[in-house]
Structure formats: C-alpha cells, structure tokens
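Coordinates in review
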Amino acid sequence: MGETLGKPGTELPGSVYRVALPRSDLKVTLDGVAIKPALALGSWLAFLPMGKDAMVMGDLVLTQEEVEPVMKRLIEGGFEITALHNHLLRAEPMTMYMHIDGHGDPVKLAQTLHAALLLTKTPLGAPANAAPPKPLDLDTAMLDRILGQTGKANGGVYQFIIPRAEALTSDTIALPVAMGTGSAINFQPTGGGKAAIAGDFVLIASEVNPVIRTLRDHGIAVTALHNHMLNDQPRLFFMHFWANDDAGRLAQGLKAALDQMNLKKG
C-alpha cells in the first residue's frame, strides 16, 4: 500500500498498516503558536486486512479549497465520507478534517487515496534525511507520572494515545486502537515550562458532559464535539481541546478528564 500511496507506512499492533501524512506544507498559527504537524495537522490512513480485502479509515487535514475536489474523487472511488469538521478554533489559515471509510481491494483503495492526495499539497514520498531531533523543552517524566501513561516524542511534540476498555467496532468489525479509536493527547512546548495542548478524547455519551465540565474547570477549551464514524458500537463522540499554559497544570486537568472515562487498565 505504501508504494501505491507514495508514502511508506508502519505495521502496528492489530495487523494495522498505518500511513502518517503530516501537513508540513501548511503554516498554521493559533493564539500566536506556530502549530507543528504532530500537534494538530497530521493526516493519517490506516488499513485493516479483511481476508483478500481491506478496510481503510483515516483523517485528512485539508485546506478549505481542497475539501470539494478531494471529496469528489473519494466518492467516485467508492469511499464513504463519515465526517467533515473543524478540530481547532481561531487557527489561521483554517483547516478542515475529513474522516473517511473504505472497503474493498487494498490496491484499488490505495490508488483512489493517492489520486485524492494529489489534489492537495500533502507532502508524499519518503521523508528527507532530517537533523536529529532536539530534546523537548518539557518535563516529559512529569507528564507521564501525572497522566499515568507513557508518551512518545514525535516531530517536536510529546504524544499520548490512550485506549478505551470496551471492544469497539464499526460495521461489526473490531477496531484496534491504531484505527483511530484511542484518545490522543499532544503537548507542544511553548517555552518557560508551558505547552500548547491539542487532541481528542474518545467518549461514550454518558461521559461527554462530565468531561466538558472537567476540562473547562481546568482552563482547557473544548473546540469541537462530533462523531468520526457512522456505524460504530458503542457510539463514540470525539471531543477536541486546546490550551496553552503551564504543562504540569494542563496535565492535571487532562488527567481529571481521563478519570471520567472507561479506559483500558495498564
């Protein structure tokens, strides 16, 4: 699939082949913060084998001008558009996020996706040899300790992916966390012990308002609330957030929100 898409992917647990497509071509700012692709501008595609066929889910970060041609090409190729919305507020330029679902021959699916990506300025091909990453200006051990999770540095951002406890399905197909079913929490250092945070909590209906109240009580703005899938069980709601403040204080607020959720232990 990677060769057809024009960008290599990674084999992940659950037999998922996931391709990261960071929009490093975009220069987006929010409240004076230059958004790194790993914070909130990362398109991705995930392939799950189903016998000779595959299921593909993904999230494409698009400019407003790219939305219509990409949607047209994907629909022509048999894909379903499962969501189109914002994740951020006040960002300049504004970006949109298109969630997709496809089933069938994996090569044909990849060909359609490649044709759609060519209608955007999404960088394709193997990444150029980059300089070794600089150490993050964050106390990542503190973040791990507060959140009770182990994060990972990626593209100048410290990232957490936190699975839910339930068995999650779409069209009765079990969805590993690499298919986009884990809560994503990202910290981008902004200096002086501060960080910009973005990501999304994956919630069931009964958790939505407790998490909203908890985030707001800790000075974290809720920027979007919506679905990413059409036929998921249980029904999932994705809550996006933003703040730029002391990293430890924000981590405590995020942990309080996680405590409202049914998360996988360990």
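Up top you'll find the structure we're talking about.
Since the structure is predicted, the reported quantities are computational estimates derived from the model, not experimental observations.

Reading the values: the criteria
- Residues numbered from 1 in each chain as written.
- Predicted model: local features only at pLDDT ≥ 70, side-chain atom pairs only at ≥ 80, totals over all residues.
- Heavy atoms only, no water.
- Helix = DSSP H or I, 4+ residues; strand = E, 2+ residues; numbered from the N terminus.
- Rg over C-alpha atoms; globule rule 2.2 N^0.38 Å.
- Buried < 20%, exposed > 50% of the residue type's maximum accessible area, 1.4 Å probe, protein only.
- Contact = heavy atoms within 4.5 Å.
- Lys, Arg positive; Asp, Glu negative; His and termini not counted.
- Charge placed at Lys NZ, Arg CZ, Asp CG, Glu CD.
- Pairing = 2+ DSSP bridges.
- Axes fitted to C-alpha atoms, helices over the stretch in contact; angles between N-to-C directions.

**Some remarks on the overall build of the chain**
Per the secondary structure count, the chain includes 7 helices and 17 strands. For 266 residues, the compact-globule formula gives about 18 Å, and the C-alpha radius of gyration of the chain, at 18 Å, lands near that figure. For the chain, the spread of C-alpha atoms along the principal axes amounts to about 45 × 40 × 30 Å. Each of the 266 residues in the chain was classed as buried or not, and the buried ones make up 50%. Pairs at least 24 apart in sequence give 66% of the contacts found in the chain among residues at least 6 apart. Across the chain, the mean location of the 23 positive side-chain charges is 3 Å away from that of the 26 negative side-chain charges.

**Observations concerning the sheet that holds strand 1 (residues 10-12)**
The antiparallel open sheet is built from 6 strands, whose spatial order is 1-2-5-6-8-7. In this open sheet, the two strands that pair with only one neighbour each are strand 1 and strand 7 (80-85). With direction set aside, neighbouring strand axes in the sheet form an average angle of 20 degrees. Judged from the 3 bridges that link them, strand 1 and strand 2 (residues 16-22) form a sheet pairing that is antiparallel. Note on strand 2: the bridge partner recorded for T10 is R18. Strands in contact with helix 3 (residues 64-76) are strand 6 (53-63), strand 7 and strand 8 (95-104); relative to strand 6, the strand with the most contacts, it is inclined by about 160 degrees. The sheet strands contacting helix 4 (residues 106-117) are strand 2, strand 5 (42-50), strand 6 and strand 8, and the helix crosses strand 6 at an angle near 10 degrees.

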